[in-house]
Amino acid sequence: MTAPALAAGPARRTSTVFVATAFVAAGVAALMGGMLAMWLQFRANAPTRVASDGVSLIKDWLKKDVAIPEVAATTMMFTFVIACVMAQWAVYSARRGDKSHTTLALAVTLFTALAIMNAQVALWMQIDIVLRNDAYETMFYTVTGTMFAVVASAMVYSLVAMFRVLAGRTGDHDVLAGHALYWYAVSGMFATMWFIVYVQK
Amino acid sequence: MTATPAQSVTGSTPGSSRSLGAIARWLTLADHVRIGMSLVGGAALWLAIATVLGAVLGVERFDSAAALVDAGAHIQLFSMHQFALVFGVAAPLMLGVAIWSVPSQLHASNLSLPRLAAFGWWSWLVGSVIVFVSYLGNGGPGGGAERYVEMYLLGLGLVIVGLVAPAVSLATTVLTRRNGQPLASISLGSFSALVGAVGIVLTLPVALGTTVYLWVDYVNARVAFGGADLLSSWLGWALREPQSLLYVVPALGVLGDAAVRTAKSRQPLRGVMLTGVGIAATVVLSSVTQQAHVFAVGTSPSETLQSFVPFALFNLVPLLAPVVVILLSLLALRAGKPALSGAFVASFLGVGMIFTGLVGSAAMHLDALNLVGTVFGEATLVYVVYGAVLSAMGAIALHAGTVTGKALPDVPVTLLSLLGVLATVLASLPHYVAGFLDQPAASAMGFDDSGVVGVTNIATAAGHVLMLLVLVAFLGLFGSSRRADTVTDRYRVEASA
């Protein structure tokens, strides 16, 4: 007598892309973290100068005639929040099988990324410093340029996720969850950079 | 893609078509066997370069007054030797072996994201070729040709990306393709591959960020990082101990697996073994501090303690990883049917050499011994990297039967391992001695080469040449085993009903 075959269990949810995204995000965080740590080290080792109050001594890191365009920087920071909400909305909609809202959410994420990159270019144009004078300028353009590339990579992720949804692969929850995770990670990195480079200066 | 039976070619396909087909398959490779073997093959090429460089440097330092190579190229030769050992051999070799064998250990058909791993292989290959060419054109650290220094930094960036990408693929494979096995139950080889891969993912991007800074600064003002002469001081932490332990962590798993599969036993104190391998992950912190932590006795107990804590964290704690694995692998051997095998001998000696290198590194960071800045540091790196080469030989012997269907014969592997250990000791130990005699690091001139120092340098040259011969012989053995009759695979684990 043969035992009846067991019924197939529920299909295992694959999480390959999500896990890989988590590793990539960790790697990118290490990249930005390392660069910001070097920024802090250089700032700590900078010589001192008398502050504008004529009494206290401050680090001669950011030259006194250079003004950080704080409006553009802070606008970028808040735009990241919108991108995260949109990326999470895509996950929410996909779980409910709502293709049109998933597509819309991803499209808005994509355009939000474009807006962030546009704001970064505007900031570079407003800050009016060149790359060749001192360590601050070299490191400012390097760290913000690397962040720009990281945002561009997140934008490519949004584009790929959107094309997959448009092609009918609405069941790719793993990809959309990974996409949202990446945006959260990139936002966290930008928040750290924003505080160190644009707020603390 | 594992355990593929030999496929018979039916019909008469012209030889040129077959060759073109093979090239096309290699160019578009997306399976773990080809990607892993490509990385191992690339690392073997770099090992040949490293051994030749080591031999040339040994002969060059035999007589510090005579110059075999132009004195202006010495800095580049030393730097290229270091690059070859770490980013040319240790990291890609261990990653390649892990990619080649881990899916079969997990009973998975392939890697997760195999094209990402393939991208990593191509990126590493292109980057390492660029680095090689840049050295030939007077680039690299201390280089005088601007274009080639820029090229070096570009190549280094590509090499780092090329190591991180397969590491992501490997770590994802271990976490998502375990076929329902708990993480604590997977083979030690897979677990150590996971630890090593995560370590690479978390530390090498930090080196990439530094490389980007260096490149931007070098191309523009050169006001922040000091130009080509100081490249090594900014990136040196990624090319020495304890960071090098992260690249060779998979060697620990190879030893653990070789012991239980040789003795046909279960691993006693498996939890302790996993913890031992996990201890190696503490090295990740080295990318945070990026400096050597020397222990010096202070004028007060608190000052001494302040110096001892970071020294212990970065130099003594990582030592526990190979110690635990070596002791517990011997226990596993005793628990089953005690026997020796080629895979066990190679991996045991390999981890032993890695341990010797790490002990040397810890000793070097004792201020009282005054070894920093001597050739002692070069010897510790050679111990670790050549130890990894021996472990890779053990891994290939251990998994060849499962992955390729053709096991390696035991006796030649054992003999080559013994020769390999002789080569490693010859290439390293004399420099431990020369370090105590104050022979300076990264210098071929301006020191007293009389007596023992001269002998130690020529002995290291002989050791590197012997390692080259071991490499050629092992490649020959692996190639001939593919064509020879099938040998019984003594390491095969039969699936339980």
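This is a predicted model, so every value here is computed, not measured.

## Observations concerning the overall build of chain B
Right, so step 1: Helix and strand counts for chain B stand at 16 helices and zero strands.
Right, so step 2: Its C-alpha radius of gyration of 22 Å places chain B within 12% of the 23 Å reference for a compact globule of 497 residues.
Right, so step 3: Taken along the three principal axes of its C-alpha coordinates, chain B extends 65 × 55 × 40 Å.
Right, so step 4: In chain B, which comprises 497 residues, the share counted as buried stands at 58%.

## Quick notes on the overall build of chain A
Right, so step 1: If you tally the helices and strands in chain A, you get five helices and two strands.
Right, so step 2: Of the regular secondary structure in chain A, the N- to C-terminal order runs α-β-β-α-α-α-α.
Right, so step 3: Radius of gyration (C-alpha) of chain A: 22 Å, far over the 17 Å computed for a compact globule of 201 residues.
Right, so step 4: Counting only C-alpha atoms, chain A reaches 95 × 40 × 25 Å along its principal axes.
Right, so step 5: Within chain A, the proportion of its 201 residues that are buried is 36%.
Right, so step 6: A separation of at least 24 residues holds for 78% of the contacts in chain A among residues at least 6 apart in sequence.

## A closer look at the interface of chain B and chain A
Right, so step 1: On the side of chain A, 25 residues touch chain B, which itself brings 24 residues to the contact.
Right, so step 2: When contributions to the side of chain B that touches chain A are tallied by element, the ones reaching two or more residues are α5 (146-176) and α6 (188-219) of chain B.
Right, so step 3: Counting residues per element, the side of chain B that touches chain A draws most heavily on α6 of chain B, at 12 residues.
Right, so step 4: Grouping the amino acids of the side of chain B that touches chain A by side-chain chemistry returns 16 nonpolar, seven polar and one charged.

## Some words on the confidence of the model for chain A
Residues shown with low pLDDT carry predicted positions that ought not to be read at fine detail.
Right, so step 1: For chain A, the mean per-residue pLDDT works out to 88, and 93% of the residues sit at or above 70.
Right, so step 2: For chain A, strand β2 (residues 57-59) of chain A is the element with the lowest average pLDDT, namely 78, and helix α5 (residues 173-199) of chain A is the one with the highest, namely 94.

## Let's talk about the packing of helix α4 (residues 114-136) of chain B against α5 of chain B
In helix packing, the relevant descriptors are the interaxial angle and the interaxial distance, both defined with respect to the helix axes.
Residues and elements named next belong to chain B.
Right, so step 1: In contact at an axis separation of 7 Å, α4 and α5 are set at 155° when each is read in the N-to-C sense. Judged by the angle between their axes, α4 and α5 are roughly antiparallel. The crossing of α4 and α5 is left-handed.
Right, so step 2: Partitioning the contact of α4 with α5 into residue classes produces 22 nonpolar, eight polar and no charged.

## Observations regarding helix α13 (residues 342-364) of chain B
Right, so step 1: Taking 1.5 Å per residue as the helical rise, α13 of chain B with its 23 residues ought to reach 33 Å, and the 33 Å between its terminal C-alpha atoms agrees with that figure.
Right, so step 2: Counting buried positions along α13 of chain B yields 20 of 23 residues, so the element is predominantly enclosed.

## Concerning the environment of Asp-65 of chain A
Right, so step 1: Position of Asp-65 of chain A relative to the elements: it lies in the loop between β2 and α2 (70-95).
Right, so step 2: A C-alpha to C-alpha distance of 38 Å links Asp-65 of chain A and Val-108 of chain A, two positions 43 residues apart in sequence.

## Overview of the nonpolar core
Right, so step 1: By size, the foremost hydrophobic cluster in this structure holds 228 residues, and its most contacted members are Val-89, Ala-90, Met-94, Val-277, Val-385 and Ala-388 of chain B.
Right, so step 2: Setting aside residues up to four positions removed in sequence, Val-89 of chain B forms contacts with Ala-43, Trp-46, Leu-47, Ala-50, Ala-84, Val-385 and Val-389 of chain B.

## Focus: helix α2 (residues 32-62) of chain B
Right, so step 1: A rise of 1.5 Å per residue sets the reference length of α2 of chain B, with its 31 residues, at 45 Å; its end C-alpha atoms lie 44 Å apart and thus fit the reference within 8%.
Right, so step 2: By the criterion of burial, α2 of chain B is predominantly enclosed, with 23 of the 31 residues buried.

## Considering the environment of Leu-176 of chain A
Right, so step 1: Its place among the elements puts Leu-176 of chain A in helix α5.
Right, so step 2: Between the alpha carbons of Leu-176 of chain A and Leu-123 of chain A there is a distance of 31 Å; along the sequence they are 53 residues apart.

## Thoughts on the packing of α13 of chain B against helix α14 (residues 376-404) of chain B
Residues and elements named next belong to chain B.
Right, so step 1: Running from N to C, α13 and α14 point in directions that differ by 160°, and their axes come no closer than 7 Å. Here α14 runs roughly antiparallel to α13, going by the angle between their axes. Like other packed secondary-structure pairs, α13 and α14 cross with a definite hand, here left-handed.
Right, so step 2: A breakdown of the residues in the contact of α13 with α14 according to their chemical character gives 20 nonpolar, 12 polar and no charged.

What counts, and at which threshold
Residues numbered from 1 in each chain as written. Chains lettered and ligands numbered in written order. Predicted model: local features only at pLDDT ≥ 70, side-chain atom pairs only at ≥ 80, totals over all residues. Helix = DSSP H or I, 4+ residues; strand = E, 2+ residues; numbered from the N terminus. Rg over C-alpha atoms; globule rule 2.2 N^0.38 Å. Buried ≥ 20, exposed ≤ 12 C-beta atoms within 10 Å, placed from the backbone. Contact = placed C-beta atoms within 7 Å. Nonpolar A, V, L, I, M, F, W, Y, C, P; charged D, E, K, R; others polar. pLDDT = per-residue confidence, 0-100. Axes fitted to C-alpha atoms, helices over the stretch in contact; angles between N-to-C directions. Parallel < 35°, antiparallel > 145°, perpendicular 65-115°, else oblique. Left-handed = near helix turned anticlockwise from the far one by under 90°. Expected span 1.5 Å × (residues − 1). Core = buried A, V, L, I, M, F, W, Y, C linked by C-beta atoms within 7 Å.

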